[in-house]
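Spelled out, the chains give:
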Amino acid sequence: MKLSLAEFRAMNNPFRQVLQRGYEFPIFKSLGLIDQPGDVLEIGCGSGYGAVLLSSLRPRSYVGVDLMPEQIALAQKRGLDGAQFFVLDATNLSQIPSESKDTVVIFGVLHHIPPWRTVIGECARVLRPGGHIFLEEPDNSLIDRWENVFHWGHPGADLSLPALEACLVENGFKITGRKHAFSFGHYSAQRQNHA
Ligand SMILES: C[S@@+](CC[C@H](N)C(=O)[O-])C[C@H]1O[C@@H](n2cnc3c(N)ncnc32)[C@H](O)[C@@H]1O
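Note that the structure is predicted; figures quoted are calculated from it, not measured. (Residues numbered from 1 in each chain as written. Predicted model: local features only at pLDDT ≥ 70, side-chain atom pairs only at ≥ 80, totals over all residues. Heavy atoms only, no water.)

1. Re the side chain of Thr-103
Thought 1: Here Thr-103 lies in strand S4 (residues 101-107).
Thought 2: Overall, the relative accessible area of 5% leaves Thr-103 in the buried class.
Thought 3: Setting aside residues no more than four positions away along its own chain, Thr-103 makes contact with Leu-33, Pro-37, Asp-39, Val-40, Leu-41, Leu-127, His-132 and Phe-134. (Helix = DSSP H or I, 4+ residues; strand = E, 2+ residues; numbered from the N terminus. Buried < 20%, exposed > 50% of the residue type's maximum accessible area, 1.4 Å probe, protein only. Contact = heavy atoms within 4.5 Å.)

Now the structure itself:
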């Protein structure tokens, strides 16, 4: 689901970048996100700051997808060498071939997508066996408290961290790392041979 104007502004300010660079990206690295992560797909890439961070790892290729054309326009303006950005709904990644990616990265996106389980299935499909997903999401209890204060208009995706973990396993992932902090779950998981 597209962001409300309030959340769009919050996601595209310098503080968000500080958090992503200084906290979230290092957590993904501590969970196993390595240099040269192969062919990378970022789901819900927003205005492309995740692409800046991921490009520093020297992937073979990087593709970022987002539902909002205005986010993709901002991402393209960054002029990142070799990075490609597309307007795509992550619930249907049929334009991306099966088993074509080594690494999928999601910085806080699934809680915007009521059929988020479909996205996990798509991530399993596009990853090569042995490929990795790195994702972070807030538990829905946090989103409910957040909505009561900020009224950002989250869609009520009903994503709890136990449900997210179960969905990863159901889609053929083995969870290889997890960190829970401040009602956020950060995960690394590896696609097993039979998704
Ligand atoms: C909370 S923002 C996070 C953006 C960026 N990952 C970051 O960490 O700053 C969620 C992003 O997911 C995108 N999004 C929401 N629903 C989507 C969908 N169905 N498919 C692809 N992107 C989606 C939104 O447009 C938005 O850019």
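Anyway, onward from the coordinates.
2. Some words on the sheet that holds strand S7 (residues 184-191)
Whenever strands of a sheet pair, they do so through backbone hydrogen bonds, lying parallel or antiparallel.
Thought 1: Reading across from one edge, S3-S2-S1-S4-S5-S7-S6 is the order of the seven strands in this open sheet, with mixed pairing throughout. In this open sheet, the two strands that pair with only one neighbour each are strand S3 (83-87) and strand S6 (173-181). The average angle at which neighbouring strand axes cross in this sheet is 15°, direction not considered.
Thought 2: With eight bridges joining them, S6 and S7 adopt antiparallel strand pairing. Note on S7: the bridge partner recorded for Lys-174 is Gln-190.
Thought 3: Running over the sheet, helix H5 (residues 116-126) touches strand S1 (39-43), S4, strand S5 (127-138), S6 and S7 and is turned about 150° from S5. (Pairing = 2+ DSSP bridges. Axes fitted to C-alpha atoms, helices over the stretch in contact; angles between N-to-C directions.)

3. Some points on the packing of aromatic side chains
Thought 1: All chains considered together, the criterion is met by four aromatic pairs.
Thought 2: Centre to centre, the rings of Phe-28 and Phe-107 are 5.1 Å apart; their planes meet at 45°, and the pair counts as tilted. You can see Phe-28 sitting in helix H2 (residues 14-30) and its partner Phe-107 sitting in strand S4, a full 79 residues away along the chain. Judged on exposure class, the residue Phe-28 and its partner Phe-107 are both buried. (Phe/Tyr/Trp six-rings, centres within 6.5 Å; stacked < 30°, edge-to-face > 60°.)

4. Here's the deal with the site of the ligand
Thought 1: Around the ligand, 20 residues are found, and the nearest of them are Met-1, Arg-16, Gly-44, Asp-66 and Ala-90.
Thought 2: A distance of 2.8 Å separates a nitrogen atom of the ligand from a polar atom in the backbone of Met-1.
Thought 3: Within the side chain of Asp-89, a nitrogen or oxygen atom sits 3.0 Å from a nitrogen atom of the ligand.
Thought 4: In isolation the ligand exposes 590 Å². Once the protein is present, 97% of that is buried. (Near = heavy atom within 4 Å. Polar contact = N/O pair within 3.5 Å; in protein donor to acceptor, adjacent residues only side chain to side chain. Areas by Shrake-Rupley, 256 points an atom, 1.4 Å probe, with all protein chains shown as cover.)

5. Observations concerning the pattern of salt bridges
Thought 1: A full pass over the atoms with the stated rule returns nine salt bridges.
Thought 2: We note a salt bridge from Glu-165 to Arg-178, for which the minimum N-O separation is 2.9 Å. With a gap of 13 residues between them, Glu-165 in helix H7 (residues 161-170) and Arg-178 in strand S6 connect regions that are remote in the sequence.
Thought 3: The class of Glu-165 is buried, set by a relative accessible area of 16%. (Salt bridge = Lys/Arg side-chain N within 4 Å of Asp/Glu carboxyl O.)

6. A closer look at the environment of Ala-90
Thought 1: One can find Ala-90 in the loop between S3 and S4.
Thought 2: Spatially, the C-alpha atom of Ala-90 lies 7.4 Å from that of Val-65, the residues being 25 residues apart in sequence.
Thought 3: Setting aside anything within four residues of it in sequence, one finds Ala-90 in contact with Ile-43, Ile-113, Val-119 and Glu-122.

7. Things to note about the pairing of S7
Thought 1: Counting buried positions along S7 gives six out of eight residues, so the element sits mostly inside the fold.
Thought 2: Where S5 and S7 come together, seven bridges link them in antiparallel fashion. Paired with Glu-137 across the strands is Gly-185, a residue of S7.

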